[in-house]
Amino acid sequence: MAKSARRVALGVTGSIAAFKTAAIVRGLVKRGAEVRCILTPNAARFVAPLSLAVLSRHAVADVADPSLWEMAHLSLASWADLVLVAPATADFLARLAAGRAEGLLDGLILSTRATVAVCPAMDAEMWEHPATQANAARLRDYGYQVWGPARGELASGKVGMGRLLEPEEIVRLALK
Ligand SMILES: Cc1cc2nc3c(=O)[nH]c(=O)nc-3n(C[C@H](O)[C@H](O)[C@H](O)COP(=O)(O)O)c2cc1C
């Protein structure tokens with residue numbers, strides 16, 4: 001379990017739900033957690049790194065900045081009590097399940113001994129696909145926690161499984 005996580009390395013991937021990460025950062029900081037954000041390049045198309053830097057009060061790990069790259073790979077992996085990925089795309093779950101270290105965030109997760117939790121967010125069809133289900137099962141086998149997704153209204157306008165857990169619920173799980 002994510003026991004009294006105070007230092008949270010918060011990964012963000014390229015889901016339409018990434019705008020909700022701002023509320024997660026805000027909630028974590030409000031409750032006394034230290035947060036460092038690591039975005040995939042696709043995540044930065046959905047949420048402004050500057051917003052997350054301001055809310056977390058720290059620079060966001062950036063693949064284009066070698067000093068921050070170093071920080072993400074070497075320091076954050078041992079610094080964090082919890083590595084939380086919210087939202088986590090189907091593609092990111094697949095990369096984690098395969099043990100890929102393509103980017104900063106996958107590399108960090110492969111390097112860390114901290115608790116890892118992922119919060120999937122995607123269309124119901126993507127979540128229910130056998131490949132995604134197998135990937136999620138494999139992540140659980142690795143000892144990672146899979147929080148959600150929830151059933152509810154999706155970005156497509158349909159209702160189904162795949163909705164990101166509410167930010168308050170993610171904050172609660174991260175700090176319990
Ligand atoms: C408008 C738009 C919304 C998307 N929303 C999601 C999503 O909610 N969940 C998901 O798994 N993929 C979604 N995708 C696809 C991902 O962005 C794509 O798989 C990307 O390669 C993920 O990159 P990352 O996991 O490295 O951030 C979306 C793509 C677009 C163009």
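Heads up: the structure comes first, above all this text.
This structure is a prediction, so every number in the text was calculated from the model and none was measured. (Residues numbered from 1 in each chain as written. Predicted model: local features only at pLDDT ≥ 70, side-chain atom pairs only at ≥ 80, totals over all residues.)

**Student:** Tell me about the pairing of strand β1 (residues 7-12), and name the residues and values.
**Tutor:** Most of β1 sits inside the fold, with five of its six residues counted as buried. Relative to strand β2 (residues 34-39), β1 is paired through six bridges, and the arrangement is parallel. By the bridge assignment, V12 is partnered in β2 with L39. With helix α1 (residues 21-30) bridging β1 and the parallel β2, this β-α-β connection has right-handed handedness. Bridging between β1 and strand β3 (residues 82-88) involves four bridges; their strand directions are parallel. Its bridge partner lying in β3, L10 is registered against L84. (Buried ≥ 20, exposed ≤ 12 C-beta atoms within 10 Å, placed from the backbone. Helix = DSSP H or I, 4+ residues; strand = E, 2+ residues; numbered from the N terminus. Pairing = 2+ DSSP bridges. Right-handed = clockwise from strand over helix to strand, strands pointing away.)

**Student:** Explain the site of the ligand to me, using residue names and the numbers behind them.
**Tutor:** Taken together, 15 residues form the shell around the ligand, and within it G14, S15, T40, N42 and T89 come nearest. Per-element tally for the shell around the ligand: the top contributor is helix α4 (residues 90-97), with three residues. Its residues assigned to classes, the shell around the ligand shows eight nonpolar, six polar and one charged. (Near = placed C-beta within 6 Å. Nonpolar A, V, L, I, M, F, W, Y, C, P; charged D, E, K, R; others polar.)

**Student:** Can you lay out the nonpolar core for me, pointing to particular residues and giving the numbers?
**Tutor:** In terms of nonpolar packing, the biggest core is built from 53 residues, with V8, L10, C37 and C119 touching the most fellow members. Tallying contributions element by element places β3 first for this core, with six residues. Other than its neighbours up to four places away in sequence, C37 contacts L10, V12, V25, L52, S56, V60 and A61. (Core = buried A, V, L, I, M, F, W, Y, C linked by C-beta atoms within 7 Å. Contact = placed C-beta atoms within 7 Å.)

**Student:** I'd like a description of helix α2 (residues 49-56), backed by residues and values.
**Tutor:** Those residues of α2 that sit buried are L52, L55 and S56. Relative to the axis of α2, the buried residues are bounded by an arc of 90° and lie together on one face. Contacts from the buried residues of α2 go to α1 and β2. Where α2 ends, the next residue or the one after it, R57, has phi of about 65°, a positive value. (Arc of directions from axis to C-beta.)

**Student:** If you had to explain the sheet that holds strand β5 (residues 145-146) to someone new, which residues and values would you point to?
**Tutor:** Sheet strands line up and pair through hydrogen bonds in the backbone, either parallel or antiparallel. A sheet is described by the order of its strands in space; here five strands give the open sequence β2-β1-β3-β4-β5, paired in parallel fashion. Lying at the two open borders of the sheet, with one neighbouring strand each, are β2 and β5. Along the sheet face, α1 touches β1, β2 and β3 and points at about 180° away from the line of β1. In the packing of helix α5 (residues 104-111) onto the sheet, the strands contacted are β1, β2, β3 and β4 (115-120), and the crossing angle to β2 comes to about 125°. (Axes fitted to C-alpha atoms, helices over the stretch in contact; angles between N-to-C directions.)

**Student:** Please set out the environment of R100 residue by residue, giving values where relevant.
**Tutor:** When you line up the elements, R100 lands in the loop between α4 and α5. Separated by 10 residues in the primary sequence, R100 and L110 place their C-alpha atoms 7.9 Å from one another.

Keep in mind these numbers describe shape, not what the thing actually does.
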